[in-house]
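Notes for the structure review
These are the residues of each chain, in order.
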Amino acid sequence: MFVRAGNQYITILFLWNNEMRLNDNIINIKGIGEKTAEAYTRLGIETVRDLITYYPRTYKTYTNPVPVRQVSEGDRVAVFCQIVTYIESRRGKRYEITSLSASDGSGSIRMVWFNKGFLKSQLHKGESYVFYGTIKIKGSLRVMEMPEFFTQFNYQKMLSTMQPIYSLKSGISNNSITRAINNVKEVISGLPDYLPEDIIKERGLMSRSKALLEVHFPKDEDSLREALKRIAFDEFLEFLIRIRMLKEKNVQEVNKHLITNEAIIKKDAFVAGLAFDLTEGQKNAIQDIINDMSSDHLMNRLIQGDVGCGKTVVAVAALLMNCISGYQGALMVPTEVLARQHFNDVSNMLKPYKLVVRLLTGSMTAKEKRNVYEELKSGVADIVIGTHAIIQDSTEFKNLGLVVTDEQHRFGVKQREKLSEKGDSPHVMIMSATPIPRTLAIILYADMDISIIKELPSNRKEILNCVVGTEYRPAADAFIRKQVREGHQVYIICPMVEESEQLDAENVINYTDELSQRIGQNIRIDYLHGKMKENQKAEIMTRFLDREIDVLVSTTVIEVGINNPNATLMIIENAERFGLAQLHQLRGRVGRGDAQSYCVFINTKKTQESMNRLNVLNDSNDGFYIASEDLKLRGPGDFFGIRQSGMMDFAVADIYKHADMLRLAQDISLEYGEELAGKIVL
């Protein structure tokens, strides 16, 4: 619970029973010893509070078995089949492959597992099981990769359940998290609600304690939906209160970093020296920045523009004016690859002005970091570009005047606050390509002034799009070969696999192997996924940027800001699993050069609903239009899968599917803000 003391909120921990408190170490929970507790810390779980608010990332439901002859590619189904072959196990390039064939009389299906050799002693020819998984079509074969299997009796019991699926790391299983949360049920049940009873009833909200129980132990889909709405509401309300605090602070701040006329003149010279003309949106954004940084008050501005609209040039102009006026600047981005790209681009653009630009990332050596720290503290370095390493305690500035944050929603409010506190009330500028409908942006960025860049640079060609079914894959393979022959590069995006975070990597690796076999060995293919270490990801992306890789198979880890003008084709597998806004962000990785670019959305669900959604992308390259359509098309029942990755750093809340809760949180914060100011439970 938060209690307000002046402009600060302090946490008060309630004792909900005589044996356990929210801030108790999880080692006090039955069944968790020292070794397990250590494994939990890798998930960021150290206290009972951390465990309770470690929400499932998705839920697994089980459906009645269907005949094999009725299944289509992409279907997530159960089939009751008899094993009709002996179980085979062989060593592949990267893992052991165990497989068998099964049939229900209406058709046969191939079952495949990776690194599960022990199944050879568990499954036998002639036995019957219910197999549950996602269907793939490979040639004339139906295939289920990594299926679960149950006896018919056990599967009947599973039909009435909804199983929460948590993000995992080595040493922690899904069952161990479920057991641990089950052992603190009494703590959850005793949670007091910070909202008055009349508001809960009037607004149709579930109580906080019931919501937390339902999200971990869902009774049914309706109860889960209401629980997720309540938790989303709480996250939004906390966020809006923090935003209000930031706004109150910023309104009181006097501008201590005025830009000079000389800086504005040099900005004009910088713009005149560019190899391209600025769009009207870019010019207006720069003028907004000049007005802010010349005024009596602190700048706190959002530069919002579609992918590829040229926000970076606006940021460089702002950093130039800031540094010419005698102050230091910082640009923080979410990934090391993007930091290095920005470092190279900014260094080249500002070379005529003799400014000292430095890079600061987590993978640098201690000596390299120490040198940068010394230059920032002494004032030798004018600009630092880096990841969250910039906001570590070791980083000190002599006179920080401007903080620019790229893709702000990847950092969260706390990190924004910490970066701003690095200097003596520096100006703050945030850049975002995340397409958010303006009505929601006004709520989410209530503490900021907003500049919108609508146009794309004149040399950019519109991306040509198409939405196709799985039967298009042979044509897609031919198109990949054509693009590579012409000297271009290709992205292929694979979705997260639902059962296990670990399978995310295996899915990409498996897809890479299959693609290599299909399109030939002369095309250089590699893969990228979120389980890789930062230096591995950076090495792969550098090779891709240096044109040493023709086709990059990746998860959505490439979503944020990678700029490779030579990449002209993106193919997105299982496109129906993503939100439209995220698909648009991914698509923005191509079309960044002067060559014609293409995006192919492969839809494995051949329903009219999924086609209608994806055709929004087929018909438009306007991110803000797409965001508005996404808001209309995302029904309240859609809580499995399609989610905007990392949006605003919320654990559960999604501004598209929970837009009604965002508006309600805004209403509550305005109507009852003072009354509830000290009572938010986190």
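Scroll up to find the structure.
Residues numbered from 1 in each chain as written. Predicted model: local features only at pLDDT ≥ 70, side-chain atom pairs only at ≥ 80, totals over all residues. Heavy atoms only, no water.

**Things to note about the overall build of the protein chain**
A tally of regular secondary structure across the protein chain gives 22 helices and 24 strands. Within the protein chain, the proportion of its 682 residues that are buried is 56%. Of the contacts made within the protein chain by residues no fewer than 6 positions apart, 73% connect residues no fewer than 24 positions apart. (Helix = DSSP H or I, 4+ residues; strand = E, 2+ residues; numbered from the N terminus. Buried < 20%, exposed > 50% of the residue type's maximum accessible area, 1.4 Å probe, protein only. Contact = heavy atoms within 4.5 Å.)

**Topic: the environment of L359**
Along the polypeptide, L359 turns up in strand 14 (residues 357-360). On the accessibility criterion, L359 (12% relative accessible area) is buried. Counting along the chain gives 28 residues from L359 to L331, while the straight-line C-alpha distance between them is 9.7 Å. If we skip the residues at most four places from it in the chain, L359 touches A339, R340, F343, M364, V372 and I385.

**Side note on the sheet that holds strand 18 (residues 449-453)**
Strand order in the open sheet made by the seven strands is 14-15-13-16-17-12-18, with parallel pairing throughout. Both edges of this open sheet fall to strand 14 and strand 18, since each of them pairs with a single strand only. For this sheet, the mean angle separating the axes of adjacent strands, direction not counted, is 20 degrees. Of the pairings in the sheet, the one linking strand 13 (residues 328-332) to strand 15 (residues 383-386) comprises four bridges and is parallel in character. Looking across to strand 15, one finds that M332 is bridged to G386. Relative to the sheet, helix 13 (residues 366-378) contacts strand 13, strand 14 and strand 15, its axis offset from that of strand 14 by approximately 135 degrees. (Pairing = 2+ DSSP bridges. Axes fitted to C-alpha atoms, helices over the stretch in contact; angles between N-to-C directions.)

**Remarks on helix 4 (residues 174-182)**
Of the positions making up helix 4, those classed as buried are N174, S176, I177, A180 and I181. Buried residues along helix 4 cover an arc of 165 degrees about the axis, so they all sit on one side. (Arc of directions from axis to C-beta.)

**Overview of the sheet that holds strand 20 (residues 489-493)**
In space, the six strands of this open sheet follow the order 19-24-23-20-22-21, with parallel pairing throughout. Bordering the open sheet on either side are strand 19 (464-468) and strand 21 (525-528), each of which pairs with just one other strand. On average, each strand axis in the sheet is inclined to that of its neighbour by 15 degrees, with strand direction left out of account. Here strand 19 pairs with strand 24 (residues 598-602) via five bridges, running parallel. Note on strand 24: the bridge partner recorded for L464 is Y598. Across the face of the sheet, helix 16 (residues 473-485) comes into contact with strand 20, strand 22 (551-554), strand 23 (567-572) and strand 24 while running at roughly 165 degrees to strand 23.

**Comments concerning the pairing of strand 8 (residues 128-138)**
Strand direction decides the pairing type here: strand 4 (residues 76-83) and strand 8, joined by seven bridges, are antiparallel. Within strand 8, the residue paired with C81 across the bridge is Y129. Pairing between strand 8 and strand 10 (residues 148-150): three bridges, direction antiparallel. Along strand 10, the bridge assignment pairs Y132 with E148. Strand direction decides the pairing type here: strand 8 and strand 9 (residues 141-145), joined by four bridges, are antiparallel. Considered in strand 9, the bridge of I137 is made with R142. Hairpin connection from strand 8 to strand 9: two residues lie between these consecutive antiparallel strands, with G139 at a positive phi of about 70 degrees.

**Considering the pattern of salt bridges**
Where charged atoms from two side chains of opposite charge approach closely, those side chains can pair. This model, assessed by the stated rule, comprises 29 salt bridges. Close ionic contact of D526 with R543 constitutes a salt bridge, the shortest N to O distance being 3.0 Å. Placement of the pair is D526 in strand 21 and R543 in helix 18 (residues 534-545), with a sequence separation of 17 residues. Looking at D526, the relative accessible area reads 17%, which means it is buried. The network of salt bridges with common partners includes K136, K138, E145 and E514. (Salt bridge = Lys/Arg side-chain N within 4 Å of Asp/Glu carboxyl O.)

**Quick look at unusual backbone geometry**
In the Ramachandran plot, M146 falls in the positive-phi region, its phi being about 55 degrees despite a non-glycine side chain. Its place among the elements puts M146 in the loop between strand 9 and strand 10.

**Examining the state of the cysteines**
Under the counting rule described, the total for this entry stands at zero disulfides. Lacking any disulfide linkage, C466 is separated from the closest cysteine sulfur, that of C599, by 8.1 Å. For C466, a relative accessible area of 23% corresponds to the partly exposed category. (Disulfide = S-S within 2.5 Å.)

**Thoughts on the packing of aromatic side chains**
Enumeration over the complete set of coordinates arrives at 13 aromatic pairs. For the ring pair F236 and F650, a centre distance of 5.1 Å and an interplane angle of 85 degrees mean the geometry is edge-to-face. Of this pair, F236 sits in helix 8 (residues 221-252) while F650 sits in the loop between helix 21 (623-633) and helix 22 (659-676), placing them 414 residues apart in sequence. Taken individually, F236 and F650 each receive the classification buried, so the pair is uniform in this respect. Ring pairing ties together the aromatic residues Y62, Y132, F150 and Y155, which thus form one cluster. (Phe/Tyr/Trp six-rings, centres within 6.5 Å; stacked < 30°, edge-to-face > 60°.)

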